[in-house]
Number of protein chains: 2
Amino acid sequence: MFASSLRWIYGSPPRLLMLGFAAIIAVGTLLLGLPAATVAGETTSVIDALFTATSAACVTGLVTLDTGTHWTLFGQLVILALIQVGGLGFMTMATLFAFFLKRRISLRERLILQEALNQTSMEGIVRLVRRVIVYALVIELTGAILLSVRFLLDMSPGRAIYYGIFHSVSFFNNAGFDIMGQYRSLTDYAGDPAVNIVSMLLIVLGGLGFIVLSDLIDWRRTRRLTLHSKVVLATTGFLIGFGALVIFVFEYTNSASMQPLGFGEKLLAAFMQSVAPRTAGVNSLDIASLRQATQFFLVLLMFVGASPGSTGGGIKTTTFAALIGAVIAMIRGKDDVVLFRYRLAQERVYKALTITLLSLTLILLATMLLSATEDHHFLKLLFEVTSAFSTVGMTMGLTLELTMFGKIVIIVLMFIGRIGPLTMGYALGRKPGRVLFRYAEGKIIIG
Amino acid sequence: MFASSLRWIYGSPPRLLMLGFAAIIAVGTLLLGLPAATVAGETTSVIDALFTATSAACVTGLVTLDTGTHWTLFGQLVILALIQVGGLGFMTMATLFAFFLKRRISLRERLILQEALNQTSMEGIVRLVRRVIVYALVIELTGAILLSVRFLLDMSPGRAIYYGIFHSVSFFNNAGFDIMGQYRSLTDYAGDPAVNIVSMLLIVLGGLGFIVLSDLIDWRRTRRLTLHSKVVLATTGFLIGFGALVIFVFEYTNSASMQPLGFGEKLLAAFMQSVAPRTAGVNSLDIASLRQATQFFLVLLMFVGASPGSTGGGIKTTTFAALIGAVIAMIRGKDDVVLFRYRLAQERVYKALTITLLSLTLILLATMLLSATEDHHFLKLLFEVTSAFSTVGMTMGLTLELTMFGKIVIIVLMFIGRIGPLTMGYALGRKPGRVLFRYAEGKIIIG
Ligand SMILES: [K+]
Ligand SMILES: [K+]
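Calculation criteria
- Residues numbered from 1 in each chain as written.
- Chains lettered and ligands numbered in written order.
- Predicted model: local features only at pLDDT ≥ 70, side-chain atom pairs only at ≥ 80, totals over all residues.
- Heavy atoms only, no water.
- Phe/Tyr/Trp six-rings, centres within 6.5 Å; stacked < 30°, edge-to-face > 60°.
- Buried < 20%, exposed > 50% of the residue type's maximum accessible area, 1.4 Å probe, protein only.
- Lys NZ or Arg CZ within 6 Å of the ring centre and 35° of its normal.
- Donors = N, O, S within 2.8 Å, 3.2 Å for Na, K, Ca; no water.
- Tetrahedral: all angles 85-135°; square planar, octahedral: opposite > 155°, others 65-115°.
- Helix = DSSP H or I, 4+ residues; strand = E, 2+ residues; numbered from the N terminus.
- Least-squares fit on C-alpha atoms with pLDDT ≥ 70 in both.
- Contact = heavy atoms within 4.5 Å.
- Salt bridge = Lys/Arg side-chain N within 4 Å of Asp/Glu carboxyl O.
- Polar contact = N/O pair within 3.5 Å; in protein donor to acceptor, adjacent residues only side chain to side chain.
- Core = buried A, V, L, I, M, F, W, Y, C linked by side-chain atoms within 4.5 Å.
- Nonpolar A, V, L, I, M, F, W, Y, C, P; charged D, E, K, R; others polar.
- Axes fitted to C-alpha atoms, helices over the stretch in contact; angles between N-to-C directions.
- Parallel < 35°, antiparallel > 145°, perpendicular 65-115°, else oblique.
- Left-handed = near helix turned anticlockwise from the far one by under 90°.

With that settled, the discussion passes to the packing of aromatic side chains. Residue and element names in this part refer to chain A. Here the structure, examined in full by the defined rule, presents 21 aromatic pairs over all chains. Taken together, a centroid distance of 6.4 Å and an interplanar angle of 75 degrees make the contact between Tyr162 and Tyr163 edge-to-face. Both residues of the pair, Tyr162 and Tyr163, count as buried. Connected via pairs of aromatic rings, a cluster forms that spans Phe151, Tyr162, Tyr163, Phe166 and Tyr189. The side chain of Arg223 reaches across the aromatic face of Trp219, ending 4.5 Å from its centre. It is Lys266 that lies over the ring of Tyr252; its NZ or CZ is 4.6 Å from the centre.

Below you can see the structure in the form of structure tokens.
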């Protein structure tokens with residue numbers, strides 16, 4: 001009985017990932033529930049402790065309690081630990097899974113990974129994990145130093161160093177948590193080049209995924225990038241550039257957001273708000289005061305999110321690129337989806353379409369559930385749900401006004417969003433047995 | 001030059017369909033622009049005449065002018081002619097295309113159609129067209145008689161007969177137009193069993209598509225249905241039943257909609273509002289006063305819409321069924337999408353996914369455009385856009401408040417929605433040449 005349970009768990013890596021996350025969140029909830037974790041010295045309600053722990057472990061950043069003022073240093077360090085374990089741990093595990101998981105990965109996929117990593121053996125795996133962790137820590141440390149230096153202008157040295165470390169780790173892990181207080185995020189620094197540029201670099205590097213980082217570092221030696229890296233970099237670049245342009249145009253004359261800023265500050269704010277949905281969730285403008293068109297545009301950017309095997313969420317940039325390729329191929333009447341003069345396997349395109357559809361279904365279902373219990377405008381609900389599912393952490397202000405039911409829905413979404421709906425399905429679904437027979441092909445007319 | 005233009009047009013049936021629709025709309029716009037068409041005896045503005053003609057020819061039913069009071073009998077007959085040509089004409093052409101179009105249809109597809117129709121030769125085509133038209137006219141006539149008898153209780157015989165004919169044609173063609181006046185649609189008859197049941201039957205029969213109708217009529221003889229018909233009937237039944245249940249539950253206590261009605265009337269209203277998004281667009285409850293959750297649920301129902309080769313729009317019931325099958329297969333880790341113990345070809349599933357994605361992209365893009373120019377709540381915009389694209393015709397009241405830009409967006413959406421985004425793509429895209437080479441397969445990590 002016990003042995004068969006163990007086999008049930010270890011027999012499936014997706015299941016292990018899911019249970020691992022659940023365990024981390026449970027420990028986090030217990031620690032955050034301690035009186036020592038709150039400034040008031042009182043125990044936090046279970047639902048809010050669970051909400052915060054889930055948000056931190058799933059690197060989302062939606063909060064029902066202000067991180068900067070509700071929690072003590074101990075509480076904040078628990079949150080930071082959850083972020084580091086959730087973000088970096090997931091990144092490592094995703095890379096490892098992709099590397100040596102044989103059942104769900106094709107030989108071809110392992111070959112690209114081996115190509116990217118130049119590793120094959122058990123020794124290679126150890127080196128791989130070490131490499132992921134070293135990359136992450138070096139980037140986080142660099143970010144922490146730069147941010148600390150900047151914060152020294154505004155606060156005491158001890159505080160500046162702590163703020164530098166906390167926000168560097170939070171940004172690189174795309175966690176969306178900040179300890180600025182009063183849910184301000186980076187709004188006090190909307191026009192500050194240093195804070196914005198360092199933050200954006202941390203967010204983008206964390207969101208590219210380890211394989212691309214590794215590929216970029218090797219580029220000096222190899223002078224070539226894998227197709228995967230090309231697609232990730234091109235899509236990320238396009239989304240950031242196009243996103244900033246749209247936000248700049250939509251918000252230029254909005255007196256509640258950008259209009260009071262100087263031209264350079266406007267540009268900075270446009271880029272910051274364009275980078276944040278990939279999926280850092282910090283914001284330097286007040287999201288609730290943006291125009292409706294911008295808010296909806298942010299929903300679309302959040303839905304796409306970051307890249308595979310990164311600290312970010314969403315359907316992923318490669319999925320988005322495959323979709324665009326599929327639409328172009330369909331319209332042009334071609335059979336092959338082509339990116340950078342390479343053809344994608346049909347099953348890969350199919351997977352992209354399915355992930356998108358599954359994600360959309362979950363988002364729409366959750367939005368409908370919330371619209372039955374939360375008395376707010378539809379877009380505010382859709383924004384919150386997408387933000388939770390893509391583990392972004394931006395909000396139009398709904399998080400603070402959620403009912404108990406609403407909090408539970410958002411917790412579940414953050415969890416599924418982080419694990420990935422397809423991985424979640426694998427984890428819960430039955431193990432596919434050997435295929436004994438196939439049904440005959442039937443014909444229906446589509447569209 | 002002229003000859004090559006002609007070849008460009010006739011070389012592609014989708015292009016012919018598109019240009020045919022454009023020509024019908026142009027003629028309709030001219031006729032509706034005549035002073036004789038309006039009660040006031042004045043000429044209607046080009047944009048409103050174009051809007052009305054497009055809405056009628058694309059059997060949508062969104063109107064910027066009240067059909068019952070703005071237009072004279074002549075104007076209303078022009079609208080009715082546009083509906084009949086647009087709805088029945090499209091149904092016939094879609095069936096014909098599916099029947100003898102060789103380039104875009106696989107041998108397998110033609111075989112099912114032949115199986116469904118038992119026709120093969122040119123003589124068969126003539127008989128097929130006749131059969132489509134006879135079916136439609138018999139159903140429309142029966143509906144007109146039943147509705148006229150009911151309307152006799154409320155109005156003079158001449159008026160009752162005219163109302164019976166107009167609404168029977170409008171409902172069977174899923175056109176969404178009514179001449180009740182003051183944009184009332186069927187709200188005066190919310191609790192009337194005769195009007196509701198006849199209307200629902202007309203809407204559903206028109207929305208099943210000719211192949212299914214034909215299959216159903218042959219059923220008495222053959223005692224078997226094609227897979228296509230099974231999928232259409234099961235999905236349609238599910239959507240109507242489940243839709244009515246959700247609407248009933250959500251609106252039961254809403255004092256602005258169902259709460260004042262008796263129990264039987266509540267049921268009737270729930271079913272009417274569940275059937276209307278498939279895609280008749282009549283309504284017996286005021287859509288603007290429904291709860292937000294119900295309104296969003298209607299958006300989802302409208303998005304799915306009716307069945308292929310019918311008078312209705314949307315992504316279609318078979319597409320929806322294929323999507324559900326794909327999600328189930330993916331989660332269960334199976335390769336085959338299975339419906340009624342038949343496997344769907346991968347390319348069919350792929351087409352379903354692409355149509356859905358393309359439709360969603362257009363709806364989201366249009367909603368974002370409107371949210372930049374129309375100062376209304378997001379859901380109201382999303383509702384209108386989906387209604388236009390799926391040629392439904394329900395509205396939360398936005399149609400009457402559209403800016404000039406907004407009207408143009410909605411006109412374009414109705415047109416693309418009726419032609420179908422994929423067909424539209426074929427019509428405008430280049431003709432695929434012979435495939436001379438394929439790119440090598442490349443690998444990216446999805447999701
Ligand atoms: K985040
Ligand atoms: K309609």
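All names here are of chain A. For the potassium ion (ligand 1), the protein coordination sphere consists of Val59 (O), Thr60 (O), Asn174 (O), Thr279 (O), Thr391 (O) and Val392 (O), at 2.5 to 2.8 Å. Geometry at the potassium ion (ligand 1) is irregular, judged from its six donor atoms and the angles of 64 to 153 degrees they form at the metal. The sequence motif formed by the donor residues of the potassium ion (ligand 1) is V-T-x113-N-x104-T-x111-T-V. A residue pair is termed long-range when its members are at least 10 positions apart, and Thr279 in the loop between helix H12 (263–275) and helix H13 (292–304) and Thr391 in the loop between helix H16 (378–389) and helix H17 (404–419) qualify at 112 residues. Residue classification places Thr279 among the buried positions, given a relative accessible area of 0%.

The subject of this paragraph is the coordination of the potassium ion (ligand 2). Note on metal geometry: ideal angles are 109.5 degrees for four donors arranged tetrahedrally and 90 or 180 degrees for six donors arranged octahedrally. Looking at the metal site, the potassium ion (ligand 2) is ligated by Val59 of chain B (O), Thr60 of chain B (O), Asn174 of chain B (O), Thr279 of chain B (O), Thr391 of chain B (O) and Val392 of chain B (O), spaced 2.5 to 2.8 Å from it. Looking at Val392 of chain B, the relative accessible area reads 0%, which means it is buried.

A separate point is the relation of the copies chain A and chain B. Take chain A, turn it by 180 degrees, move it 0.0 Å along the axis, and it overlays chain B with an RMSD of 0.0 Å. Taken together, the rotation and translation describe the operation of a two-fold axis. A high fraction, 100%, of the interface residues of chain A reappear at the interface in chain B, so the copies pair face to face through one surface.

Between side chains of opposite charge, pairing is possible as soon as their charged atoms come close. This model, assessed by the stated rule, comprises 16 salt bridges over all chains. We note a salt bridge from Lys407 of chain B to Asp48 of chain B, for which the minimum N-O separation is 2.9 Å. On the criterion of sequence distance, the pair formed by Lys407 of chain B in helix H17 (residues 404–419) and Asp48 of chain B in helix H3 (residues 46–57) is long-range, its members being 359 residues apart. Residues joined by salt bridges that share partners form a network here, namely Arg131, Asp218 and Arg221 of chain A.

All names here are of chain B. Structurally, Ser257 is set in the loop between helix H11 (227–251) and helix H12 (263–275). A polar contact is formed between the side chain of Ser257 and the side chain of Glu251, at a distance of 2.6 Å. Discounting residues that sit within four places of it in the chain, Ser257 has contacts with Glu251, Leu285, Ser289 and Leu290.

Residue and element names in this part refer to chain B. Considering the arrangement of structural elements, one finds Gly158 in helix H8 (residues 157–172). Using a relative accessible area of 51% as the deciding quantity, one classes Gly158 as exposed. As for Gly158 and Ser148, which are separated by ten residues in sequence, their C-alpha atoms are 9.3 Å apart.

By size, the foremost hydrophobic cluster in this structure holds 273 residues, and its most contacted members are Phe151 and Ile410 of chain A together with Phe151 and Ile410 of chain B. Beyond its immediate chain neighbours, meaning those up to four positions away, Phe151 of chain A contacts Ala160, Tyr163, Gly164, His167, Met180, Tyr189 and Val195 of chain A.

With that settled, consider the interface of chain A and chain B. If you look at the interface, chain A gives 75 residues, while chain B gives 75 residues. Here chain A and chain B share zero salt bridges between them. Counted by class, the side of chain A that touches chain B contains 47 nonpolar, 16 polar and twelve charged residues.

Here the focus is the packing of H3 of chain B against H17 of chain B. Residues and elements named next belong to chain B. Look at H3 against H17: their axes get within 10 Å of each other, and the N-to-C directions meet at 25 degrees. Here H3 is positioned roughly parallel relative to H17, judged by the angle of their axes. Every pair of crossing elements has a handedness; the one defined by H3 and H17 is left-handed. When H3 is examined against H17, the residues Ile47, Asp48, Leu50, Phe51, Thr54 and Ser55 are found in contact with a partner set consisting of Met404, Lys407, Ile408, Ile410, Ile411, Met414 and Phe415. When its residues are assigned to classes, the contact of H3 with H17 shows nine nonpolar, two polar and two charged.

This next bit is on the environment of Gln182 of chain B. All names here are of chain B. Positionally, Gln182 belongs in the loop between H8 and helix H9 (193–208). In this structure the C-alpha to C-alpha distance between Gln182 and Thr69, which are 113 residues apart in sequence, comes to 7.3 Å. In this structure Gln182 touches Asp66 and Thr69, once residues within four positions along its chain are discounted.

Residue and element names in this part refer to chain A. Two elements in contact, H16 and H17, have axes separated by 7 Å at closest approach and are oriented at 40 degrees. The orientation of H16 with respect to H17, classified from their angle, is oblique. Residues Glu384, Val385, Ala388 and Phe389 of H16 pack against Ile410, Leu413, Met414, Ile416 and Gly417 of H17.

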